[in-house]
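Here are the chains, one letter per residue:
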Amino acid sequence: MCSNIGALSKSISALISKLDELISVLSTIDKELSNLQVKLFDEMRKIDGLSEKEILDAIDIIATKHDMLRVFFNLPNELKKRYILRMIGHDS
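Below is a short write-up of the structure. Each residue is numbered by its place in its chain's sequence as written, counting from 1. Per-residue local features of the predicted model are confined to residues with pLDDT of at least 70, and side-chain atom pairs are confined, for both listing and counting, to 80 or more; whole-chain, interface and lining totals are unaffected and use all residues. The side-chain figures draw on all heavy atoms in the structure; neither hydrogens nor water molecules are used.

As a further point, take the packing of aromatic side chains. Here a Phe, Tyr or Trp ring, Trp counted by its six-membered ring, pairs with any other such ring whose centre lies within 6.5 Å, and the pair is stacked when the planes are under 30 degrees apart, edge-to-face when over 60, and tilted otherwise. Taken as a whole and assessed by the stated rule, the structure comprises one aromatic pair. When the ring of Phe 72 is compared with that of Phe 73, the centres are 5.3 Å apart and the planes differ by 85 degrees; the resulting orientation is edge-to-face. Think of it in three bands: residues with accessible area under 20% of the maximum for their type are buried, residues over 50% are exposed, and the middle band is partly exposed, with areas taken using a 1.4 Å probe on protein chains only. Using a relative accessible area of 0% as the deciding quantity, one classes Phe 72 as buried. Both a distance and an angle decide whether a charge sits over a ring: NZ of Lys or CZ of Arg must be within 6 Å of the ring centre and within 35 degrees of the ring normal. One cation-aromatic arrangement involves Lys 80 over Phe 72; the distance from NZ or CZ to the ring centre is 4.9 Å.

This is the structure:
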């Protein structure tokens with residue numbers, strides 16, 4: 001019985017350590033996403049030819065879809081406008 005409790009204790013300790021690591025990683029990811037969300041409007045304003053409505057429509061989508069947010073910031077500047085227009089359905 002005592003060895004079972006010892007083994008259980010070790011398992012719980014290992015699990016707590018893994019959970020702490022996971023929380024740390026998630027916290028870092030959350031900070032990264034928050035920073036990108038803060039920069040999003042200013043980055044979109046730099047793109048010539050986008051209307052205010054197009055910018056706001058794109059922000060409504062991209063700010064909550066984290067994969068799209070990361071893609072946007074990793075695209076070369078010359079593709080960002082097309083990416084936004086395609087996202088909001090204005091690509092011709």
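Continuing now.
A few words now on the pattern of salt bridges. Note on definitions: salt bridges are taken to be side-chain nitrogens of Lys or Arg within 4 Å of carboxyl oxygens of Asp or Glu. Tallied over the full model, the rule gives five salt bridges. As a salt-bridge pair, Glu 32 and Arg 70 come within 3.3 Å of each other at their nearest N and O atoms. One end of the pair, Glu 32, is in helix 1 (residues 2–45); the other, Arg 70, is in helix 3 (residues 66–74), and 38 residues separate them in sequence. Assessed through its relative accessible area of 37%, Glu 32 is described here as partly exposed. Under the relative-accessibility criterion, Arg 70 is labelled partly exposed at 25%. Note that Arg 70 and Asp 67 form a salt bridge whose closest N and O atoms lie 3.8 Å from each other. Of this pair, Arg 70 and Asp 67 both sit in helix 3, three residues apart, which is roughly one turn of the helix. By definition, any uninterrupted DSSP run of H or I lasting at least four residues is a helix, any uninterrupted run of E lasting at least two residues is a strand, and each is numbered from the N terminus.

Take the environment of Glu 32 next. Along the backbone, Glu 32 and Glu 21 are 11 residues apart, and their C-alpha atoms lie at a distance of 17 Å. By the criterion applied in these results, polar contacts are pairs of N or O atoms within 3.5 Å in which, for protein atoms, one can donate a hydrogen and the other can accept it, and in which residues neighboring in sequence qualify only through two side-chain atoms. Within the structure, Glu 32 has its side chain in polar contact with the side chain of Arg 70 (distance 3.3 Å).

Moving on: the side chain of Glu 43. Note on placement: Glu 43 falls in helix 1. Given the relative accessible area of 16%, Glu 43 is considered buried.

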